[in-house]
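As a plain string of letters, each chain reads:
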Amino acid sequence: MSESVSTKMDGPETKYEGKKLRVAIIGCGGIAQTHLAIYKKMPEVEIVAGVDILPERLDVMHEKWGVPREALFEKWSDMLEKIKPDAVDVCTPNGVHCAPVVDACNAGCHAIVEKPMAMNPDECRLMIAAAEKNNVKLSVGFQQRYRDVTKSLIKARDNGVFGDILFVKVHALRRRGIPNWGVFGRKELQGGGPLIDIGVHMLEAAYEFMGCPKPVAASANCWTYMGNKPSEVLSTWPGWDYKTYTVEDLAAGQIRFENGAILQIESAFATHIKEHDHQDWEAIGTKGGCQWSTAEIFTDYNGLMVNTNPVYIGKNDWETIFQRKLQNWVDGCLKGTELDASGYDGLAVQKMLDGIYRSAAAGKEVTID
């Protein structure tokens, strides 16, 4: 970690006193651009390298973000050897999460990887083992836990408002929202479709709210009925590559936990629902229930059944929650503070995703180890 120097941000030139975290970006596409915009506002971070197989993305790293040409690479192995960063931020497709994280950790680098953590639980375990062996920080990019809505409901849970959490229902649905960019429709590169892409966000936040009980079984099914066919229906994202589409349009499943609680999830890129996009979860406990998107709480008070409707639900915009998750990781790397979303959190979520896909493939309930 290098001594800091003057840093020019959106405003006047500023100076950061202390150590800078020298970060390399692996995978410089869309989500990396979001990360880079946040890092630009963090004087304790210096972007020292970029890795991507597409030259035009490396051009953006140089032209927009000022990374020197000699610090841009097609292979992360070359970058790790020549640049020797303090940390890496992995923003590649899911199938390219495990290998760069393992290699970076073995090179002594801290790492953050976008959600989902990997393609399967075994890859997650390899990543965790590499981080622990080399005494570096490993975080997973779950941002929904950083919304004020999520934090408020967790605080209410800790205060006993809900009693024991019995049942949670998770929705991550689009009416016609198959991505027409990237490789989101290719199972061999992503590991799955909407469940592993958008369902993982709601699943992780709901699971955190539940207090992270141990999952023991999954029962589910997956269906593909739109994405692998051409469509003449008007939609926000037309023209996806249906010829290479090998993931599910809709996944629906149930997770049973060791404490007896149940979580149900439904996730879709394309399905017939009322709204264009429906991302939410609801919970029922022995003393109360809630809805995540509105932070409403349903309970009993003074002999009456009461619904509480907050006047203000805090900061829940994308910039705020991305800043919070990246700041937590940066602080962990520089100060040794605890990570909110560690590799073990990523593994727990991956086990549930894996259980749902395995159950759908087997046509029966499966156990989760």
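Read on for a plain summary of the structure. Here the structure is a predicted model, which means the values were calculated and not measured.

So, helix α1 (residues 30–39)
Phase 1: Buried within α1 we find A32, Q33, H35, L36, I38 and Y39.
Phase 2: Turning to α1, the residues buried within the fold contact β3 (21–26), β4 (45–51), α2 (55–63), β6 (87–90), β7 (110–114) and α9 (318–335).

Here we look at the sheet that holds strand β8 (residues 138–141)
Phase 1: Strand order in the open sheet formed by six strands is β5-β4-β3-β6-β7-β8, and the pairing between neighbours is parallel. Sheet topology places β5 (72–73) and β8 at the edges, where each strand pairs with a single neighbour.
Phase 2: Both β3 and β4 contribute to a ladder of six bridges, which runs parallel. Across the sheet, residue A24 finds its bridge partner in β4, namely A49.
Phase 3: Docked against the sheet, helix α3 (residues 76–83) engages β3, β4, β5 and β6, running at close to 140 degrees with respect to β4.

As for the sheet that holds strand β12 (residues 262–268)
Phase 1: The nine strands are arranged β16-β15-β14-β13-β9-β12-β11-β10-β17 in an open sheet whose pairing can be described as mixed. Strands with a single pairing partner mark the edges of an open sheet, and in this sheet they are β16 (304–308) and β17 (366–367).
Phase 2: The pairing of strand β9 (residues 165–174) with strand β13 (residues 277–285) spans nine bridges and is classified as antiparallel. From the neighbouring strand, F167 faces β13, where its bridge partner is I284.

Points about the pattern of salt bridges
Phase 1: Scanning the entire structure with this criterion turns up 16 salt bridges.
Phase 2: R57 is the partner of D52 in a salt bridge, and the nearest nitrogen-oxygen pair spans 3.5 Å.
Phase 3: We classify R57 as partly exposed; its relative accessible area is 33%.
Phase 4: Two residues, D148 and R324, come together in a salt bridge whose shortest N-O distance is 3.0 Å. With D148 in helix α6 (residues 148–158) and R324 in helix α9, this pair connects stretches of sequence that are 176 residues apart.
Phase 5: D148 sits in the partly exposed class, given a relative accessible area of 22%.
Phase 6: The network of salt bridges with shared partners includes D59, E63 and R69.

Let's talk about helix α10 (residues 343–362)
It helps to recall that an α-helix has 3.6 residues per turn; residues three or four apart then point in one direction.
Phase 1: Taking 1.5 Å of rise per residue, the 20 residues of α10 would be expected to cover 28 Å, and the 28 Å separating its terminal C-alpha atoms lies within 8% of that figure.
Phase 2: Taking burial as the measure, the 20 residues of α10 include 14 buried ones, the bulk of the element.
Phase 3: Looking at the residues trailing α10, positive phi occurs at G363, about 75 degrees.

Procedures and definitions
- Residues numbered from 1 in each chain as written.
- Predicted model: local features only at pLDDT ≥ 70, side-chain atom pairs only at ≥ 80, totals over all residues.
- Heavy atoms only, no water.
- Buried < 20%, exposed > 50% of the residue type's maximum accessible area, 1.4 Å probe, protein only.
- Helix = DSSP H or I, 4+ residues; strand = E, 2+ residues; numbered from the N terminus.
- Contact = heavy atoms within 4.5 Å.
- Pairing = 2+ DSSP bridges.
- Axes fitted to C-alpha atoms, helices over the stretch in contact; angles between N-to-C directions.
- Salt bridge = Lys/Arg side-chain N within 4 Å of Asp/Glu carboxyl O.
- Expected span 1.5 Å × (residues − 1).

Interpretation in functional terms is not warranted from these geometric data alone.
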